[in-house]
Amino acid sequence: MTLDRSIAFIFLILCIVYSYTAFISMEASLLPFERNMSFLPNTMPKWLGVLGILCSLVVIFNTGPEHAHKPGDGDINYRRLGDYKIGQALMLIGAMLAYALLLRTLGFLAATSLFLAGGSAILGERNLKLMIPISIAAAFFIWYLVQEVLGIFLRPWPFFLG
Amino acid sequence: MFEGVMLGLSTALTLQNLLMVVGGCLIGTFIGMLPGLGPMSIIAIMIPVAITLGDPSSALILLAGVYYGAIFGGSTSSILINAPGVASTVATSFDGYPMARAGKAGKALTIAAISSFTGGTVGAILLLFFAPAMAKVALLFHSAEYFALMVVGLSAIAAFAGSGQVAKALMMTVLGLMLATVGESAQFSAARFTAGIMDLQSGFSFITLAMALFALPEAIYLVLDPLRSKTGDGDSGEIKELRITKEEAKSIAPVLGRQSIQGFLIGVMPGAGATIASFLGYAVERNIAKGEDQAQFGKGSVKGLAAPECANNAACTGSFVPLLTLGIPGSGTTAILLGALIALNVSPGPRLMIDNPEIFWAVIVSMYIGNLVLLVLNLPLIPYIAKLLAIPRNYLIPFILFFTLMGSYIGQNNATELLILVGMGVCATVLRFANFPLPPLLIGFILGQMLEDNFSRATNLTDGVSFMWERPMTLCLLILAVGLIIVPSTRAKMAMRKRKGVALGD
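Parameters at a glance
Residues numbered from 1 in each chain as written. Chains lettered and ligands numbered in written order. Predicted model: local features only at pLDDT ≥ 70, side-chain atom pairs only at ≥ 80, totals over all residues. Contact = placed C-beta atoms within 7 Å. Helix = DSSP H or I, 4+ residues; strand = E, 2+ residues; numbered from the N terminus. Nonpolar A, V, L, I, M, F, W, Y, C, P; charged D, E, K, R; others polar. Buried ≥ 20, exposed ≤ 12 C-beta atoms within 10 Å, placed from the backbone. Domains from an automatic or database assignment. Axes fitted to C-alpha atoms, helices over the stretch in contact; angles between N-to-C directions. Parallel < 35°, antiparallel > 145°, perpendicular 65-115°, else oblique.

Before going further, it helps to examine the interface of chain A and chain B. Quoted interface sizes are often the accessible area lost when the parts come together. Each partner contributes to the interface: chain A provides 49 residues, whereas chain B provides 50 residues. Elements represented by at least two residues in the side of chain A that touches chain B include exactly α1 (3-28), α2 (43-62), α3 (86-106), α4 (108-122) and α5 (128-149) of chain A. With eleven residues, the top contributor of residues to the side of chain A that touches chain B is α3(A). Residues of the side of chain A that touches chain B, tallied by class, amount to 34 nonpolar, eleven polar and four charged.

Shown next as C-alpha cells:
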C-alpha cells in the first residue's frame, strides 16, 4: 500500500471513531431539554465525521500506484529513508522529547544548555571547547530576554533550588 | 479614505511602531535567508513575542514586517547560493543564481530589492482601494452568509493548494476542522473529544499547531538531507557592485508594472498566493519576451529575475485583502497572522475597519514603510547579513529546534504542549513525505471555530439548516463552494483519461 493510501486509511479509522463519538456517545449524554434544540455540541462533528469518511474513501480509491506522489528533486524520498540521516533525525526527536520531560525538573538553564550542546553533538560537532560555552551563553541570553525583557516567567534553576 | 490614511500614519509613525517595522524586516531578512525556514515558520516563531507586546497594531506591524523581510531574505539565499528557503522564491533562483555565478550577485540583489519594493508598494496602493470597498460589501453579510463564505474559502484553498490532488487537500481541511472541535464547543461549555485529558479542555493551541505543521517538519527535513541547507561552506563570497545601468532599469520597468498588478490579483484569490504568482509571473514574462530576450531567460536575464520577485511581493500584499476584510486567510502565512490577531482579541473581518480603524490603516501604511525599510536599510546591509550563511549547520539546527519548542512553551508554560508539538510535528513530517498539503489543515483549524460559531447562530435563527437554501446569497455561495471542489477534480480526471490513451514515454 502506498503511503498516501496508508495515511488515508488511518484517517478513515480516526473518522469512524470520531463519528461514533458524535453520533452515539455524545447523543446519549444529551439532556432531555437539549434534544429539541436546533444546534448541539455534536451538530458540526456529525457533518465533519461524514465528510471525513467520504474524503478518506476518495483518497483510498483514487490514489493507486499510478497516482502516488513521486518525490521531486527537492523532496525527501520516503522509500529510501536509509539514504538520509534518519538516525540523527530520530535522535533529535528523542532529544526534544527529553527536553519536554526534563524542562521542569532541571530548570530552563540546565535543560536548554544540555539540549543545545546535545543537539549539536548528535549532528556531529566534536569541538567541545566551542560547543559548551556557546550553549550555556545562549541559554542564559535567551532566559534573560524572555524573563527580564518580555516578562514571561521561566524557572531557571532545578526543582530542588526552588 | 484620506482620514484613514492619516490615522494610519499617526499610528504607524510612532517610535515604537517604526522600531517594530525596522526590527521585523531585519529579523525576517536574517532568518528568511537561512535555507529551509520560510515565512510561515518565522512568523510562527515570532508570534509569542508579538503577543507579549499587547498592542495589536504593533504586533501586526511587527509580524507583517517579518513577513516581507522573510520573503526578501528568501530571495537573497536563492540568488547567492541557489537554495530558496521559500517556495515563492524558487522562480527567483532561475535567473538570480546564474547572475550571481557570472559575478553579478550585487546587481542581482539590487534588482531583487527594487522589484520587491515596486511589487509591494503597488500592492499596498491597490490594497488601499480594494480593502475598504470589499469591507463595505461584506458588511451586508449575516452569519448564514459568513458560514457559506467560509465554506467557499475552505474549498477554494483545498482546490488550489492541492496541486491537482483536491481530495488530499480536502482531507487535510476536514482534519483541521476536526482538530478545532476538540475542547469546548460553540454555545455549550461542555468539553468534547478530549479523551479525558485535562490539558485538551481548552483545545489545541494554535501556536503549537503552527509550529508543528511548518517549523518542525522543515527542521527535520534539514536534518534528514544536509544538502538542503547549503550553509557553512563559505560559498557566499564577496558582494560588490550593487548598481544597475539605465538600460537595465528601462527594460525591467514594464515588467514591474505588469507583474505588480497581476501578482496582486493572484494574491487576493484564496489559496493561490505568492508561489503561484511568482511562477506565473515568470512564465508570462518569458512568453511575452522576444528573440534574444527570451533566450536569456534561465541564463541570467534581468527580466526573469524582476518578474517573480515583483509578483511574489505584490501577491503577499494582495493576500491581506481577504484577511482584513472578510477575516478569511488566503494562505498559510495569513492564517498564522489571523491566529495571532485572534489571540490579541481582535477579530478581523468587515467590522475591523469600523471597530479598530487604527489597526486596519496602520497595517496598510506600515506596508509602505516596510517596503522602504527593506530597500534602504537591507540593501546596504546584505553583504554583512549574508555572513549568516556561514553558520555551520551543527549549530544552526539545534537552535531552530529550540526556538520552535520555546515558541509553543512560553505561550502556555505547559510542558505537555511540548509533547503535543513533537508528536504532531512527526505526524506532519510523515504527511509531507506523502505530499499532503499542510496549509489547508491549519486554515481549517483556524476557521473551524468561527465556522461553528456562525453555523450555530444561523441554525438558531432559522431553527434548522433551512437557511442554506432559503437565503439566496448563502445558496449561491454554497453552490460555488461545491463547484470549486468538483470542477478541478473532474478536470484532473479527464486529463488523466486522455493521458491513458497515449503511450507513456520511457
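Checked against the element boundaries, F399(B) lands in helix α18 (residues 393-412). The class for F399(B) is partly exposed, based on 19 C-beta atoms found within 10 Å.

A few words on the domain arrangement of chain A. As far as domains go, chain A holds domain 1 (3-69) and domain 2 (86-161). For domain 1 of chain A and domain 2 of chain A, the distance between their C-alpha centroids amounts to 40 Å.

Right, let's talk about unusual backbone geometry for a bit. Glycine aside, a negative phi is what most residues show, and trans is what most peptide bonds show. Residue and element names in this part refer to chain B. Despite not being glycine, A195 has its phi angle at roughly 55 degrees, a positive value. With respect to the helices and strands, A195 occurs in the loop between β2 (191-192) and α9 (206-224). Overall, A195 belongs to the exposed group, with 7 C-beta atoms counted inside 10 Å. Even without being a glycine, N435 presents a positive backbone phi close to 65 degrees. Inspection of the secondary structure assignment puts N435 in the loop between α19 (415-433) and α20 (439-462). Using a count of 19 C-beta atoms within 10 Å as the deciding quantity, one classes N435 as partly exposed.

A few words now on the packing of α9(B) against α20(B). A pair of packed helices can be characterised by two numbers: the angle between their axes and the separation between those axes. Residues and elements named next belong to chain B. Viewed as axis vectors pointing N to C, α9 and α20 meet at an angle of 175 degrees, and their least axial separation amounts to 10 Å. As far as their axial angle goes, α20 and α9 are roughly antiparallel. Residues F206, L209, A210 and L213 of α9 lie in contact with α20, whose contacting residues are L441, L442, F445 and I446. Looking at side-chain class alone, the contact of α9 with α20 contains eight nonpolar, no polar and no charged residues.

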